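Analysis of the macromolecular model
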Protein chains: 2
Amino acid sequence: MARDHASTPATDARTRILDAAEAIVRARGVPNLTLEAAAREAGVSKGGLLYHFSSKEALLSALLGRLAEFVSQDFTEALERLPPGPGRAARAMLAWGLEVSEAEANERCDRAAAVFLAAFHHDPALLDPIRAVVARLREAVATDGLAPGHGMAVMAAMDGLFMARIFGMYELGPDERRDMHAALSRLLDPVP
Amino acid sequence: MARDHASTPATDARTRILDAAEAIVRARGVPNLTLEAAAREAGVSKGGLLYHFSSKEALLSALLGRLAEFVSQDFTEALERLPPGPGRAARAMLAWGLEVSEAEANERCDRAAAVFLAAFHHDPALLDPIRAVVARLREAVATDGLAPGHGMAVMAAMDGLFMARIFGMYELGPDERRDMHAALSRLLDPVP
DNA sequence: GTTGACATACCGTCCGGCCGGTATAGCTTT
DNA sequence: AAAGCTATACCGGCCGGACGGTATGTCAAC
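Residues numbered from 1 in each chain as written. Chains lettered and ligands numbered in written order. Predicted model: local features only at pLDDT ≥ 70, side-chain atom pairs only at ≥ 80, totals over all residues.

Under an unreviewed UniProt entry, chain A has the name TetR/AcrR family transcriptional regulator and belongs to Craurococcus roseus.

**As for the UniProt feature "domain: HTH tetR-type" (unreviewed entry) in chain A**
UniProt's entry tags residues 11-71 of chain A with the feature "domain: HTH tetR-type" (unreviewed entry), counted in the numbering of this structure. Within the segment residues 11-71 of chain A, helix and strand shares are 77% and 0% respectively, and the terminal C-alpha atoms sit 22 Å apart. (UniProt positions renumbered as here; feature names shortened; annotations may be inferred. Helix = DSSP H or I, 4+ residues; strand = E, 2+ residues; numbered from the N terminus.)

**Here we look at the protein's contact with DNA strand C**
In the vicinity of DNA strand C there are 20 residues, among which T34 and K56 of chain A together with S45, G47 and G48 of chain B approach most closely. Residue contributions to the surface near DNA strand C peak at 4 residues, all from helix α3 (residues 46-52) of chain B. When grouped by side-chain class, the residues that make up the surface near DNA strand C number 9 nonpolar, 6 polar and 5 charged. (Near = placed C-beta within 6 Å. Nonpolar A, V, L, I, M, F, W, Y, C, P; charged D, E, K, R; others polar.)

**Description of the domain arrangement of chain A**
Residue and element names in this part refer to chain A. On domain assignment, one finds that chain A holds domain 1 (1-54) and domain 2 (57-188). Taken over C-alpha atoms, the centre of domain 1 sits 28 Å from the centre of domain 2. Taken together, the contact pairs 9 residues of domain 1 with 12 residues of domain 2. Partitioning the side of domain 1 that touches domain 2 into residue classes produces 6 nonpolar, 1 polar and 2 charged. (Domains from an automatic or database assignment. Contact = placed C-beta atoms within 7 Å.)

**Here we look at the relation of the copies chain B and chain A**
With an RMSD of 0.1 Å, the operation that places chain B on chain A is a rotation of 180° combined with a shift of 0.0 Å along the axis. The transformation relating the two chain copies, once decomposed into turn and shift, fits a two-fold axis. A high fraction, 100%, of the interface residues of chain B reappear at the interface in chain A, so the copies pair face to face through one surface. (Least-squares fit on C-alpha atoms with pLDDT ≥ 70 in both.)

**Quick notes on the environment of R40 of chain B**
Relative to the assigned elements, R40 of chain B resides in helix α2 (residues 35-42). In the structure, R40 of chain B is positioned 24 residues away from R16 of chain B in sequence and 11 Å away in space, judged by C-alpha atoms.

Below you can see the structure in the form of structure tokens.
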């Protein structure tokens with residue numbers, strides 16, 4: 001322990017380092033995420049960082065574990081808030097992406113993107129944990145009672161918005177979000 | 001000019017370098033795209049490469065110009081192959097992503113992804129040329145006579161498939177492609 | 001002999017990782 | 001209870017390698 005010193009933020013060093021790494025990527029991009037920078041931002045020395053994460057890969061791996069767990073849990077909660085019935089998983093995705101405030105959606109998106117891109121750049125295999133989560137989501141969407149392809153269309157559309165934002169391609173305004181939500185909702189009703 | 005020399009592969013050095021850079025990113029990832037590696041792969045010296053592209057940024061910029069032009073032209077062609085009428089742009093996107101062979105779609109996707117990711121990593125601003133192209137596509141999709149949001153839903157779904165592939169998240173099998181095509185096609189008909 | 005199209009050699013920087021040290025807390029032995 | 005011992009949680013400096021970029025040389029073609 002020995003964690004005090006008058007002016008240290010209550011969180012433990014490990015978490016602070018993780019947060020710092022994320023913040024750096026968000027603010028200054030993947031190439032600026034160096035061990036020194038992360039250590040500085042977290043208020044520890046480089047040696048201190050390497051005590052907690054024995055390599056850059058270990059740091060990124062931890063970052064990704066956190067993300068995967070967060071995403072998984074977040075989606076599960078969205079799912080459980082919805083009544084059962086055909087298309088529940090797809091409706092959860094839709095809600096998850098388009099029924100929250102734009103600010104909230106963007107925040108989640110940016111957090112995920114930062115971790116995502118940093119890990120992918122270092123080694124694509126680091127994405128395996130979220131790949132597993134996504135596979136679960138996909139399975140849920142594909143088997144929730146909708147006509148084949150309909151749920152996946154919704155999921156793909158949400159993923160498209162994610163990508164469009166992280167690469168700064170386009171971003172929907174409030175009206176467009178509403179319109180797109182309405183359009184995709186048509187896919188959730190039983191085929192006419 | 002002065003392009004011969006008995007034993008140079010028919011293409012000019014500039015193009016060979018561009019192709020080499022793309023190939024490296026595709027085969028070994030963004031971090032392995034170095035000037036030396038690109039030069040070696042293209043069969044020139046590092047100095048030779050720097051004669052054609054005065055910096056790494058210049059190389060990436062050229063790569064991206066090529067991509068932007070290719071995408072723009074490719075989409076225009078897809079558009080022109082379709083009869084006019086409401087939803088033409090959206091149908092072109094759908095055709096572009098789901099009415100070609102899986103191999104062809106993947107090939108285009110991977111080429112684009114390689115350039116995309118390499119440029120983005122070096123400097124997100126390098127993506128501006130394709131951002132402009134995408135803005136044009138988006139405009140086309142948003143104003144092609146469909147009910148609001150419907151075209152964008154299709155576009156986002158295609159972008160989602162793009163992202164899912166480049167990050168190895170998921171990939172649709174032939175049946176899924178067909179099903180998703182059918183699902184999204186429902187959005188192209190006049191609202192019932 | 002000048003220019004275009006390279007090749008070779010080299011430099012400065014930056015980054016990941018390792019190492020030796022150190023202060024503190026807790027346990028144990030006497 | 002005093003004295004050791006060990007583990008934890010760091011600090012600060014260093015090294016080796018790689019990479020982008022420059023500077024200079026070369027050599028055929030015109």
